[in-house]
Amino acid sequence: QVQLVESGGGLVQPGGSLRLSCAASGFTFSRYRMSWYRQAPGKERELVAVITSAGGSTNYADSVKGRFTISRDNAKNTVYLQMNSLKPEDTAVYYCNAVYRRSSSDYDVYWGQGTQVTVSS
């Protein structure tokens, strides 16, 4: 049974930090590209950060560059999102995503249930 379980969300003041975790099970984690997405109320889900299967390459949305860091521990089947200098506009539900692409038309996609991050004074 595939599971992606996010944790670490909560309420934080502007300028504060949070570290999100996503624990994976039920699939070969080290083969999957992992990403964090977020969705604010009334907005579309957007890509925040992505990390390749071995962790050698990362990419970020412009809005979070220099503030957020994605990392992974393949031994623990876990991906992280360190969020610093948080702003009210970072408020959203954050989702963990796993993708394994065998070919352009054959791939697996898994989603977590999401964790709420609220940045407010």
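Let me sum up the structure you'll find in this document. Predicted model, so just to flag it, every value in this text is computed and none were measured.

1. Re unusual backbone geometry
- With phi around 55°, N77 is a residue other than glycine that occupies positive phi space.
- By the element assignment, N77 lies in the loop between β7 (68-73) and β8 (78-83).
- Phi is positive for S85, which is not a glycine, with a value near 50°.
- Within the secondary structure, S85 sits in the loop between β8 and β9 (92-103).

2. Details of the sheet that holds β8
- On the basis of which strands lie adjacent, the open sheet formed by four strands has the order β1-β3-β8-β7 and antiparallel pairing. Unpaired on one side and paired on the other, β1 (3-7) and β7 mark the two borders of the sheet. Averaged over all neighbouring strand pairs, the angle between strand axes comes to 15°, with direction disregarded.
- Across six bridges, the pairing between strand β3 (residues 18-25) and β8 is antiparallel. In the strand pairing of β8, L20 is matched with L81.

3. Here's the deal with a nonpolar patch on the surface
- Judged by side-chain polarity, Y107, V109 and W111 come together as a nonpolar surface patch covering roughly 280 Å² of accessible area.
- Of note, W111 is situated in strand β10 (residues 106-111).

4. Some details on the pattern of salt bridges
- Considering all chains together, one arrives at six salt bridges under this definition.
- For E46, the salt bridge goes to R38, with nearest N and O atoms at 2.6 Å.
- A relative accessible area of 33% places E46 in the partly exposed class.
- Of the residues examined, R38 reaches a relative accessible area of 6% and is grouped as buried.
- Among the ionic contacts, a cluster of salt bridges with common partners joins R38, E46, R67 and D90.

How each quantity is defined
- Throughout this document, residue positions are counted from 1 along each chain, in the order its sequence is written.
- Only residues with pLDDT of at least 70 are given local features in this predicted model, and only at 80 or more are side-chain atom pairs given and counted; all residues enter the totals for whole chains, interfaces and linings.
- Computation of side-chain values covers all heavy atoms of the structure but excludes hydrogens and water.
- The helix and strand labels rest on DSSP assignments: H or I over at least four residues marks a helix, E over at least two residues marks a strand, and numbering proceeds from the N terminus.
- Strand pairing follows a simple DSSP-based rule, namely that at least 2 bridges must link the two strands.
- Here an axis means a line fitted to C-alpha atoms, over the contact stretch when the element is a helix, while the angle between two N-to-C directions is reported on a 0 to 180 degree scale.
- Every patch collects residues that have over 30% relative accessible area and no salt bridge, joining them within 9 Å if they carry like charges and within 5 Å if they are nonpolar side chains (Val, Leu, Ile, Met, Phe, Trp, Tyr).
- Note that accessible areas follow from Shrake-Rupley with a 1.4 Å probe, and for residues the cover is restricted to the protein chains shown.
- By definition here, a salt bridge exists when the distance from a side-chain nitrogen of Lys or Arg to a carboxyl oxygen of Asp or Glu is within 4 Å.
- Type-normalised accessible area, obtained with a 1.4 Å probe on protein chains alone, sets the label of each residue: buried when under 20%, exposed when over 50%, and partly exposed for intermediate values.

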